[in-house]
Amino acid sequence: MDFNRIKEKLNILADAAKYDVSCSSSGSNRKNKNNGLGDTGNGICHTYTEDGRCVSLLKILLTNHCIFDCAYCVTRKSNDIKRAAFKIQEVVDLTINFYRRNYIEGLFLSSGIFKSADHTMERLIAVAKKLREEENFNGYIHLKSIPGASDELMYEAGLYADRLSVNIEIPTISGLKLLAPDKKHEDFIKPMQKVKDEIIRYKEEKKIIKSTSKYAPAGQSTQMIIGATGESDKDIMYSATHFYKNFNMKRVYYSGYVPISSDSRLPSLGSEVPMLRENRLYQTDWLLRFYGFSVNEILDVNNPNLDMDIDPKLMWALRNLNHFPIDINKADARMLARIPGIGMGSVHKIISGRKYRNLNWEHLKKMGVALNRAQYFIICNSNDWERRDLDANKIKGMILQSQQSKYKNIHNNQLSLFNLSNHLIN
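Quick caveat: nothing in here was measured; it's all calculated off a predicted structure.

Would you mind showing me how to read the sheet that holds strand β6 (residues 251–256) here?
Each strand in a sheet pairs with another by means of backbone hydrogen bonds, the pair being arranged parallel or else antiparallel. Read across the open sheet, the 6 strands follow the order β1-β2-β3-β4-β5-β6; overall the sheet is parallel. Each edge of the sheet is formed by a strand with only one pairing partner; in this case those strands are β1 (58–61) and β6. Ignoring which end each strand starts from, the neighbouring axes of this sheet average 20° apart. Sheet topology note: the strand β5 (residues 220–226)/β6 ladder contains 6 bridges and is parallel. In the strand pairing of β6, M224 is matched with Y254.

In structure tokens, the structure reads:
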């Protein structure tokens, strides 16, 4: 084995994989068997880079050769970059060796599309199959579904992978046509539909035959590139809602576009990656999945984009002041979850705690409620509550001011500690 060449391939193909953020491993419960390697248990431990991207898995491309020329992709065929390709056995050996050294707990394997979708998908499956059957590897495996791959291959992929994902890439069909005219929207949808159908079939068969082979136990996910085209936040979240509803997605990931080429269709080189926007979209996604909001409550024709200054729940509350103030000791869980500064953990604590006494400010503070936001929207067992007739703009301004003061104090404390440590060292 040429170790220098393997290292070079790893540098090239790991770097090319960093743009894919959909590498969560939660939801699988594949157990160790026959004294094999690894155990997904309740999910694996993650480490993250400074920009929040997951690096806990061996995250690589099988190859960065590609037959397509998508404007937003660093591996597009017209891009003048170093190309490399792993052999199937090389990926297997890297995974096992890294696992034995405790560097990783699983594999996230994607690929550029070379020759054809089926040819590429066959090679991805071959890696997972060798790991499972020859190396007895029971750790986490996430395979990227190749757009346009056959139903037969998608079925086989789910027998060896814990999670499958096909990136929708651009949130709208029109955006995809603009930046990737060689690709067809239906080629993304086809593997998604197959995986959904097979997961449903597996669950039904499992009820009758306990020994039914697992099929993609961690489900499927997808990813959208944000900021490469002119979609509004409304367009993005309506698209995400469609995939959650129609394909039973475990997660939709939002990845801020990183300018990698000079192209009139794309943001110019040097443009900022929209990290804050990405964060606001994740917050909105969370509200839709766990807080009982519908997408049209947060984003509509009159409000097509999220407010970058404040989180989406606060944005909704300021537009709907007629629902407030809410009595903490009487409101149901749905309305409690809509109060800015109150998370679902605090909702459960409030409902449990008020069975025994009427809750006041001190109780709420101990429960973890962010009172700097919540105080403008609630009443509790206290006469000390916000009585001023404040409009949305005034409330927003006061909350932003309190947040700035909060972070200023943290910064000053950190600076004091820094100066103290320097003094002690010197």
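That covers the picture; the talk isn't over yet.
I tried to follow the packing of aromatic side chains on my own but got confused; where do I start?
Each aromatic ring pair is described using two quantities: the centre-to-centre distance and the angle formed by the ring planes. One pass over the structure, following the stated rule, counts 9 aromatic pairs. For the pair F98 and Y103, a centre-to-centre distance of 5.8 Å together with 75° between the ring planes defines the contact as edge-to-face. Classification of F98 by relative accessible area gives partly exposed; the value is 21%. The interplanar angle of 15° and the centroid separation of 5.9 Å between the aromatic rings of Y155 and Y215 together place this pair among those described as stacked.

What should I look at first to understand the packing of helix α4 (residues 151–160) against helix α6 (residues 185–208) in this one?
In a pair of packed helices, the angle between the axes and the distance between the axes together describe the arrangement. Where α4 contacts α6, the axes come no closer than 9 Å and their chain directions differ by 50°. If you check the angle between α4 and α6, you find them oblique. The two elements α4 and α6 cross, and the hand of that crossing is right-handed. Judged by residue contacts, D151, M154 and Y155 of α4 engage K190, P191, K194, V195, E198 and R201 from α6. Considering only residue class, the contact of α4 with α6 consists of 4 nonpolar, no polar and 5 charged.

Criteria and cut-off values
Residues numbered from 1 in each chain as written. Predicted model: local features only at pLDDT ≥ 70, side-chain atom pairs only at ≥ 80, totals over all residues. Heavy atoms only, no water. Pairing = 2+ DSSP bridges. Helix = DSSP H or I, 4+ residues; strand = E, 2+ residues; numbered from the N terminus. Axes fitted to C-alpha atoms, helices over the stretch in contact; angles between N-to-C directions. Phe/Tyr/Trp six-rings, centres within 6.5 Å; stacked < 30°, edge-to-face > 60°. Buried < 20%, exposed > 50% of the residue type's maximum accessible area, 1.4 Å probe, protein only. Parallel < 35°, antiparallel > 145°, perpendicular 65-115°, else oblique. Left-handed = near helix turned anticlockwise from the far one by under 90°. Contact = heavy atoms within 4.5 Å. Nonpolar A, V, L, I, M, F, W, Y, C, P; charged D, E, K, R; others polar.

Structural measurements only, silent on function.
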